Amino acid sequence: MARLPPAGRPADGTSAPRADDRVNILLVDDQPAKLLSYEVILSELGDTLIKATSAREALAHLLRTEIAVVLIDVCMPELDGFELATMIREHPRYQHVAIIFVSAIQISDLDHLRGYEAGAVDYVPVPVVPAVLRAKVRIFAELYRKTRQLERLNAELERHVAERTAALEASTARLRESEQRRSLALAAGRMGSWDWDPATGEYAWDEGQYRLFGVDPARFVPTPESVERLVHPDDRARMREAGRQAALTGEPFDAEFRIVRPDGETLWCVTGAATTTDAAGRRRLSGVTHDITARKRAEEALLDLNRDLKRRIEERTREREAALAQLFEAQKLDTIGQLTGGVAHDFNNLLMAVLGSLELLEKRMDPEDARARRLVDNAVQGARRGAALTQRLLAFARRQELRPETAAVAGLVEGMRELLERALGPSVRLAAAFPPDLPPIRIDVNQFELALLNLAVNARDAMPGGGAITLDGSTAADGPDLPPGAYVRIRVADTGAGMDEATLAKATEPFFTTKGPGKGTGLGLSMVQGLMAQSGGALRLSSVPGRGTTVDLWLPAAPALAAPALAPAPPEPRFAAIRPCTILVVDDDALVRTGTAAMLEDLGHATLEVASAGEALVLLRANPAVDAVVTDHAMPGMTGLDLARRLREAYPALPVILATGYAELPSDGDIPVPRLSKPFTQEDLASLLATVLAPVAAA
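Residues numbered from 1 in each chain as written. Predicted model: local features only at pLDDT ≥ 70, side-chain atom pairs only at ≥ 80, totals over all residues. Heavy atoms only, no water.

### So, the overall build of the protein
Inference 1: Of regular secondary structure, the protein possesses 20 helices and 23 strands.
Inference 2: For the protein, the residues scored as buried account for 43% of the 699 residues in total.
Inference 3: Total accessible area on the protein is roughly 35,700 Å²; 56% of this is exposed by carbon and sulfur atoms. (Helix = DSSP H or I, 4+ residues; strand = E, 2+ residues; numbered from the N terminus. Buried < 20%, exposed > 50% of the residue type's maximum accessible area, 1.4 Å probe, protein only. Areas by Shrake-Rupley, 256 points an atom, 1.4 Å probe, with all protein chains shown as cover.)

Given below as structure tokens:
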């Protein structure tokens with residue numbers, strides 16, 4: 001076991017967490033070399049990495065350390081990763097901890113399902129793409145950090161509530177003290193008594209009343225006019241009317257009012273008066289005046305405290321709702337990705353059946369029937385465009401590993417122009433201008449197309465009334481914050497609303513969006529920036545409010561693509577010389593199975609068809625005279641890779657070809673298996689079949 005200190009600033013440009021925000025990431029694998037590789041990949045996150053070489057050691061760490069993310073190898077001695085995950089989920093403290101499985105062997109759909117049922121949040125196949133693993137762990141570590149921040153905010157809110165409660169209790173206590181002081185006001189001079197004759201207007205004050213109003217008894221004569229001048233202007237009419245009504249009706253009255261003393265001090269007072277009648281039947285008003293300034297100030301302070309508390313609660317509520325919205329967007333994006341990947345896989349199978357059937361139909365058509373051949377060619381082109389679309393869908397679903405290749409930017413943009421125009425709509429004009437001598441770039445083509453589509457959609461959303469988007473490119477001797485060298489700059493500029501400096505500074509932050517709830521995840525620009533960094537380049541934004549936004553993508557220039565050389569007519573394909581064979585076709589999809597068998601039969605081979613790996617094993621035991629096996633990978637019960645292992649043990653000399661509808665092919669682990677990516681052509685199948693049967697024929 002080793003506890004690793006956090007590293008410095010990550011290489012991908014994100015900020016390392018502060019010391020008090022670092023979280024613990026537990027790495028569990030029985031192979032030290034793999035633990036070391038995970039350590040190198042994840043050290044850039046700046047968090048604390050804890051290594052464990054067994055499930056027992058991992059459980060010990062979990063019992064004494066707060067863990068944010070657990071990275072578990074599935075295949076381990078004693079307890080495997082699924083059993084360890086189940087035990088972790090049974091512990092009350094770790095029912096919601098993020099668990100990520102890593103496996104080079106158990107990577108079938110059933111293994112994924114078992115992993116998710118055991119409590120995993122993600123399942124990463126080997127070989128691991130460092131940037132992908134780092135991004136996945138960073139997301140869940142950040143979610144944990146956000147949750148911890150919310151807990152701290154809740155604790156702080158509770159503390160503030162406790163403080164405000166204490167303040168309220170203290171204020172109440174002060175009010176009680178004020179009432180006690182008021183009870184002692186007669187002796188202390190904080191209250192006064194008065195008497196008023198409405199008929200003559202004469203006042204009679206005691207010393208307390210003079211002190212309360214701040215006037216000298218020797219110099220001040222209380223009359224209705226002089227007393228009214230000491231009453232606050234806003235209260236004069238109300239107090240005058242209250243006195244008149246009491247004198248007319250004889251009813252007692254109480255009123256709060258303010259007085260402005262000669263020295264400028266304003267006091268809050270309450271007066272209570274009762275009517276008395278003398279022997280002659282004349283009414284007089286007699287009352288007392290209390291100074292309640294202290295109570296009023298305490299009430300105002302209490303109101304201020306309540307307003308402040310309400311404001312803080314609203315701020316904390318908004319922060320919590322924002323954090324929950326970010327979590328929801330991340331979960332929604334993951335769900336959409338999984339659904340998209342599954343749909344693309346099934347679509348690949350359908351395209352396999354369509355393309356295979358069209359290819360065989362084309363060979364059987366009358367060469368003179370030009371119209372029919374043109375219709376078949378159109379169908380083939382449409383199916384191939386569907387295959388290209390599935391590649392983009394699989395790239396979005398993150399089921400495609402990065403595969404850099406050298407490509408011309410102008411050709412890539414032109415190839416996806418129709419897709420861009422459909423995404424932008426008729427109100428947005430698209431213009432592309434790339435010089436003919438622009439060097440090629442080396443990048444994953446599907447991911448680059450997805451990045452351009454993201455930028456184009458962002459630009460479209462910034463122009464609700466329509467506008468123009470321009471794509472152009474140029475060369476540069478260096479790039480921003482990049483090592484010296486030759487670079488290609490691809491620019492995407494729009495004529496939209498633009499962004500101010502504050503928005504521009506946050507534009508590439510994960511989950512930041514200006515599109516409103518439900519209209520954006522806030523991950524588009526951050527994903528493009530990550531792709532640029534992983535490909536050795538950079539992303540730069542510039543914007544002027546009201547004039548539009550410009551996105552510059554800097555990528556290293558690649559060596560020029562070699563011009564295709566004129567070659568003599570290709571020789572006959574190798575599979576033409578292969579004797580007719582018996583081929584076993586294994587696929588749970590009847591359309592794909594039938595189409596593959598038809599391709600083989602058209603090549604002169606005999607075929608046997610089964611729908612599962614189990615049926616294949618039974619058939620081979622009964623009829624071992626099979627020269628080769630072509631099997632799908634993703635099948636219920638037993639995968640194609642598992643079938644290949646079983647056949648290698650039982651029939652070592654029997655060639656096996658593995659086919660899959662996913663863009664990335666599964667890792668073959670301990671045995672090399674020739675592979676085909678669906679949809680494949682008859683030529684692809686025949687060529688690979690000739691390759692695997694050649695050693696057998698030579699023997």
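### What to know about the packing of aromatic side chains
Inference 1: One pass over the structure, following the stated rule, counts seven aromatic pairs.
Inference 2: Ring plane angle 75 degrees and centroid distance 6.4 Å describe the contact between Tyr203 and Trp205, whose orientation is recorded as edge-to-face.
Inference 3: The class of Tyr203 is partly exposed, set by a relative accessible area of 24%.
Inference 4: The class of Trp205 is buried, set by a relative accessible area of 13%.
Inference 5: Taken together through their ring pairs, the aromatic side chains of Trp196, Tyr203, Trp205, Tyr210, Phe213 and Phe220 make up a single cluster.
Inference 6: Above the ring of Trp268, the side-chain terminus of Lys296 is found at 4.6 Å from the ring centroid. (Phe/Tyr/Trp six-rings, centres within 6.5 Å; stacked < 30°, edge-to-face > 60°. Lys NZ or Arg CZ within 6 Å of the ring centre and 35° of its normal.)

### Points about the pattern of salt bridges
It is possible for side chains of opposite charge to pair when their charged atoms get near one another.
Inference 1: Within the structure shown, the criterion is met by 39 salt bridges.
Inference 2: A salt bridge links Glu315 to Arg316; the nearest nitrogen and oxygen atoms lie 3.9 Å apart.
Inference 3: Given a relative accessible area of 25%, Glu315 falls into the partly exposed group.
Inference 4: By relative accessible area, which is 13% here, Arg316 ends up buried.
Inference 5: Linking Glu421 and Arg417 is a salt bridge whose minimum nitrogen-to-oxygen distance equals 3.2 Å. Remark: Arg417 and Glu421 occur in helix H13 (residues 417–424); sequence separation between them is four residues, near one turn of the helix.
Inference 6: Through salt bridges that share partners, Glu156, Arg159, Glu163, Arg164, Asp308, Arg311, Arg312, Glu315 and Arg316 make up one connected network. (Salt bridge = Lys/Arg side-chain N within 4 Å of Asp/Glu carboxyl O.)

### Concerning the sheet that holds strand S8 (residues 203–205)
Inference 1: Spatially, S8-S7-S11-S10-S9 is the arrangement adopted by the five strands of the open sheet, whose pairing is antiparallel. Strands at the two margins of the open sheet, each flanked by one partner only, are S8 and strand S9 (253–260). Taking each pair of neighbouring strands and ignoring which way they run, the sheet shows an average axis angle of 25 degrees.
Inference 2: For S9 and strand S10 (residues 266–277), the ladder comprises eight bridges, and the chain directions are antiparallel. (Pairing = 2+ DSSP bridges. Axes fitted to C-alpha atoms, helices over the stretch in contact; angles between N-to-C directions.)

### Quick word on the pairing of strand S2 (residues 24–28)
Inference 1: Here S2 lies mainly inside the structure; five of its five residues are buried.
Inference 2: Neither face of S2 is left uncovered, since the one carrying Asn24, Leu26 and Val28 and the one carrying Ile25 and Leu27 both have all their residues buried.
Inference 3: Of the strand pairs in this sheet, S2 and strand S3 (residues 48–52) are connected by five bridges, and their pairing is parallel. Bridge pairing in S3 places Val28 opposite Ala52.
Inference 4: Each parallel crossover has a hand, and for S2 linked through helix H1 (residues 32–42) to S3 it is right-handed. (Right-handed = clockwise from strand over helix to strand, strands pointing away.)

### Details of unusual backbone geometry
Inference 1: Residue Val126 is joined to Pro127 through a cis peptide bond whose omega torsion reads 10 degrees.
Inference 2: Tracing the backbone shows Pro127 in the loop between strand S6 (122–125) and helix H5 (130–183).
Inference 3: Even without glycine at this site, Asp481 takes up a positive phi of about 55 degrees.
Inference 4: Here Asp481 is to be found in the loop between strand S15 (467–476) and strand S16 (487–494).

### Let's talk about the packing of helix H2 (residues 55–64) against helix H3 (residues 81–90)
Inference 1: Packing of H2 against H3 leaves a shortest axis separation of 11 Å and a crossing angle of 20 degrees. The orientation of H2 with respect to H3, classified from their angle, is roughly parallel. Viewed along their axes, H2 and H3 form a crossing whose handedness is right-handed. Note on element contacts: H3 touches H2 through Leu84, Met87 and Ile88, opposite Ala55, Ala58, Leu59 and Leu62.
Inference 2: In the contact of H2 with H3, the residues fall into seven nonpolar, no polar and no charged. (Parallel < 35°, antiparallel > 145°, perpendicular 65-115°, else oblique. Left-handed = near helix turned anticlockwise from the far one by under 90°. Contact = heavy atoms within 4.5 Å. Nonpolar A, V, L, I, M, F, W, Y, C, P; charged D, E, K, R; others polar.)

### Thoughts on the pairing of strand S22 (residues 656–660)
Inference 1: Counting buried residues in S22 gives five out of five residues, a clear majority hidden from the surface.
Inference 2: The alternating pattern of S22 places Val656, Leu658 and Thr660 on one face and Ile657 and Ala659 on the opposite face, and all of these are buried.
Inference 3: As for the winding sense of the linkage, the β-α-β connection from strand S21 (residues 628–632) through helix H19 (residues 640–650) to S22 is right-handed.
Inference 4: Examined bridge by bridge, S22 and strand S23 (residues 675–677) share three bridges and lie parallel to one another. Across the sheet, residue Ala659 finds its bridge partner in S23, namely Leu676.

### Quick word on the sheet that holds strand S20 (residues 606–610)
Inference 1: With parallel pairing, five strands are arranged side by side in an open sheet as S20-S19-S21-S22-S23. Of all strands in the sheet, those with a lone pairing partner are S20 and S23, marking the two edges. Direction aside, neighbouring strands of the sheet carry axes that sit 20 degrees apart on average.
Inference 2: Here S21 runs beside S22; their pairing, made up of four bridges, is parallel.

### Some remarks on the nonpolar core
Inference 1: In this structure, Val409, Phe448, Ile469, Ile490, Met532 and Leu553 are the most contacted members of the largest nonpolar core, which totals 36 residues.
Inference 2: Among the elements that make up this core, the one with the highest residue count is helix H14 (residues 445–461) (seven residues).
Inference 3: If you look at the next biggest cluster of nonpolar residues, it comprises 24 residues, including Ala55, Leu62, Val70 and Phe82. (Core = buried A, V, L, I, M, F, W, Y, C linked by side-chain atoms within 4.5 Å.)

### Concerning helix H18 (residues 613–622)
Inference 1: Those residues of H18 lying buried are Ala613, Ala616, Leu617 and Leu620. Seen along its axis, H18 keeps its buried residues to an arc of 100 degrees; they face one direction.
Inference 2: Looking at the packing, one finds that the buried side of H18 touches strand S19 (582–586), S20 and H19. (Arc of directions from axis to C-beta.)

### Regarding helix H17 (residues 590–602)
Inference 1: Its 13 residues place the ends of H17 18 Å apart at the C-alpha level, agreeing with the 18 Å of an ideal helix rising 1.5 Å per residue.
Inference 2: Among all positions of H17, only Val592, Arg593, Gly595, Thr596, Ala597, Met599 and Leu600 are buried.
Inference 3: Capping the start of H17 is the job of one residue whose side-chain oxygen sits 3.0 Å from the backbone nitrogen of Leu591: Asp589.
Inference 4: Of the residues flanking the end of H17, it is Gly604, one or two places downstream, whose phi is positive at about 100 degrees. (Expected span 1.5 Å × (residues − 1). Polar contact = N/O pair within 3.5 Å; in protein donor to acceptor, adjacent residues only side chain to side chain.)

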